Amino acid sequence: MSAFLQQLPALIGVVIGALGSYLAVVRGDRARFRREQAARWDERRLAVYADYARSLKKSVTLTYRVAAHLGNDPNPHPLSLAEAEPSLAEAAVARDPSGEALIMLGSTEVVEKAREWVVAVMEMERFLREGRRDPEAWRTLLERQRASREGYYTAVRTDLALPPGHSARWPLPSPPPA
């Protein structure tokens, strides 16, 4: 029995070492799982954020072209409202599902900035549907839309812990003389 008692501290050390090793592996696996899960959600949110921006940008591009037709914008590819209307409607319908996904997965700040951006775009569309020919008022709407877009991208970068990006603001050419 004395031989067993002499070996008991070594046996206890082996049991404690095995238990410690097991706990370290379990803890490491949990941490890795949480990191991987967070990375998957970040990837999904990035996809939703980019999809929303793409769907809204389709509307923006169409408004530039219609504004050029009315003499408000320097876009080199003017398009009448009648020609653009089906595409504008299609773009508005397409942004609804991406907006719902954004509401579901986006942070509160990103969703709020997205709302500001879409409201600015809707005001641009309303301006054009009224057939207004006012380059200065258009430029004001355009600047508001660009500031809203910049706010959206800044909120996205913050939410995803990305470094700051380019503001995409550069001087615009003046509209052609009427």
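Analysis parameters
The residue numbers shown here count from 1 along each chain, following its written sequence. Thresholds applied to this predicted model are a pLDDT of at least 70 for local features of residues and 80 or more for the giving and counting of side-chain atom pairs; totals over whole chains, interfaces and linings are not thresholded and use all residues. Note that the side-chain values use all heavy atoms of the structure and ignore hydrogens as well as water. A run of H or I in DSSP becomes a helix once it reaches four residues, and a run of E becomes a strand once it reaches two; helices and strands are each numbered from the N terminus. Whether a residue is buried, partly exposed or exposed follows from its accessible area with a 1.4 Å probe, protein chains only, as a fraction of its type maximum: under 20%, in between, or over 50%, in that order. A contact between two residues is defined here by any heavy atoms of the two lying within 4.5 Å. Residue types Ala, Val, Leu, Ile, Met, Phe, Trp, Tyr and Cys, when buried and joined through side-chain atoms within 4.5 Å, form a set referred to as a nonpolar core. Lining residues are defined by having an atom within 4 Å of a point belonging to a cavity or pocket. Those points lie on a 1 Å grid over the protein atoms alone, cavities being sets where a 1.4 Å probe fits but cannot get out and pockets being open sets with protein on both sides within 12 Å along at least five of seven lines. Grid points are joined across faces, edges and corners, and a volume is the space filled by probe spheres set on the points. Three residue categories are used. Nonpolar comprises Ala, Val, Leu, Ile, Met, Phe, Trp, Tyr, Cys and Pro, charged comprises Asp, Glu, Lys and Arg, and polar comprises the others, including Gly. Orientation is described by axes fitted as lines to C-alpha atoms, over the contacting stretch for helices, and by angles from 0 to 180 degrees between their N-to-C directions. Convention used here: angles under 35 degrees read as roughly parallel, angles over 145 as roughly antiparallel, angles from 65 to 115 as roughly perpendicular, and any remaining angle as oblique. Left-handed describes a crossing whose near helix is turned anticlockwise from the far helix by less than a right angle; the clockwise case is right-handed. Between the first and last residue of a helix there are one fewer steps than residues, each counted as 1.5 Å, and that sum is the expected span.

Sorry if this is basic, but what is going on with the overall build of the protein chain here?
Secondary structure summary: the protein chain contains four helices and zero strands in total. For the protein chain, the proportion of its 178 residues judged to be buried stands at 29%. A separation threshold of at least 6 residues defines the contact pool for the protein chain, and within that pool the share at least 24 residues apart is 73%.

Teacher, can you tell me more about the nonpolar core here?
Where a protein is soluble and globular, its nonpolar side chains tend to be buried together. Within the largest apolar cluster, 32 residues are counted, with the highest numbers of intra-cluster contacts made by Tyr 49, Tyr 52, Leu 102, Val 110, Leu 128, Trp 138 and Tyr 152. At the level of secondary structure, the elements contributing two or more residues to this core comprise α1 (2-69), α2 (81-105), α3 (108-129) and α4 (135-159). For this core, the element with the highest residue contribution is α1, accounting for 10 residues. Once residues lying within four places of it in the same chain are set aside, the contact partners of Val 110 are Tyr 49, Leu 102, Tyr 152, Ala 155, Val 156 and Asp 159.

I'm lost on the layout of surface pockets in this one. Help?
A probe matching the size of a water molecule, rolled over the atoms, marks out where space remains unfilled. When its volume is computed, the largest pocket comes out at roughly 190 Å³. Along the walls of the largest pocket sit Tyr 52, Arg 95, Asp 96, Gly 99, Glu 100, Leu 102, Ile 103, Val 111, Ala 114, Arg 115 and Val 118, which together make up its complete lining. Elements with a minimum of two residues in the lining of the largest pocket: α2 and α3. The element contributing the most residues to the lining of the largest pocket is α2, with six residues. Taken together, the residues of the lining of the largest pocket break down into six nonpolar, one polar and four charged.

What is the right way to read the packing of α3 against α4 from this model?
Contact pair α3 / α4: the axes reach a minimum separation of 8 Å and the direction vectors enclose 160 degrees. By the angle between their axes, α3 is roughly antiparallel relative to α4. In this structure, α3 meets α4 at a crossing whose hand is left-handed. Here the residues of the contact of α3 with α4 are counted per class, giving 17 nonpolar, three polar and seven charged.

What exactly am I supposed to notice about α4 here?
Helical geometry: 3.6 residues make up each α-helical turn, so side chains three or four residues apart lie on a common side. Compared with the 36 Å implied by 1.5 Å per residue over 25 residues, the 36 Å span of α4 between its first and last C-alpha is a close match. All of the buried residues in α4 are Ala 137, Trp 138, Leu 141, Leu 142, Gln 145, Arg 146, Ser 148, Arg 149, Gly 151, Tyr 152, Ala 155 and Val 156.

Geometry only, nothing functional implied.
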